[in-house]
Amino acid sequence: MIRLRILAVFFGIVGFFNLIRASTVGYIAPALQSWELSVPLPFLGGLYGVWGGGFLVLAVLLWCQRARQWSFPVAFVYQVNVWILNLCAARSSYTRMIWRRDLVLTMSFLCFVVLLILPKIKKGYG
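All of these numbers come straight from a predicted model, not from anything done at the bench. (Residues numbered from 1 in each chain as written. Predicted model: local features only at pLDDT ≥ 70, side-chain atom pairs only at ≥ 80, totals over all residues. Heavy atoms only, no water.)

## Concerning the packing of helix α4 (residues 68-89) against helix α6 (residues 99-117)
Consideration 1: The N-to-C vectors of α4 and α6 enclose an angle of 175°; their axes lie 9 Å apart at closest approach. Taken together, α4 and α6 sit at an angle that is classed as roughly antiparallel. Here α4 contributes R68, S71, F72, A75, F76, Y78, Q79, W83, N86 and L87 to the contact with α6, which in turn contributes W99, D102, L103, T106, F109, L110, V113, V114, L116 and I117.
Consideration 2: In terms of residue class, the contact of α4 with α6 is built from 14 nonpolar, four polar and two charged. (Axes fitted to C-alpha atoms, helices over the stretch in contact; angles between N-to-C directions. Helix = DSSP H or I, 4+ residues; strand = E, 2+ residues; numbered from the N terminus. Parallel < 35°, antiparallel > 145°, perpendicular 65-115°, else oblique. Contact = heavy atoms within 4.5 Å. Nonpolar A, V, L, I, M, F, W, Y, C, P; charged D, E, K, R; others polar.)

Structure representation (structure tokens):
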């Protein structure tokens, strides 16, 4: 079950960084008042807060050897959410330039989760 513990730590880190993103909304909002944003900052802050809390709860459940079946669906929906934000809210040309890199990161994220939740393959003689 070491793989579930690794996944729990990974999800804990993802949750922690999402909570950091959520908490910075109030800090950066005054600097962006004159900008025309495609998505309101309070919405993004709330969204990142929900994802952060969700990943932390899932991390605790995984640490306790539970919720294995929720790992991939949560990771998949999270990545879908990230891509919806990328496609609908990204206006800068730089953001569009790095979509290939983001796709590689998305696939790496999902493959890492799948590798950690799949049962071990036992080697047998025969």
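Now that the structure has been shown, the text picks up again.
## Some remarks on the packing of aromatic side chains
Consideration 1: Scanning the model with the defined rule gives eleven aromatic pairs in all.
Consideration 2: Aromatic side chains F11 and F55 sit 5.1 Å apart centroid to centroid with 65° between the ring planes, which places their arrangement in the edge-to-face category. Here the residue F11 occupies a position in helix α1 (residues 2-23), and F55 occupies one in helix α3 (residues 41-63), the gap between them amounting to 44 residues.
Consideration 3: Look at F11 and you get buried, because its relative accessible area is 0%.
Consideration 4: Judged by its relative accessible area of 0%, F55 is buried. (Phe/Tyr/Trp six-rings, centres within 6.5 Å; stacked < 30°, edge-to-face > 60°. Buried < 20%, exposed > 50% of the residue type's maximum accessible area, 1.4 Å probe, protein only.)

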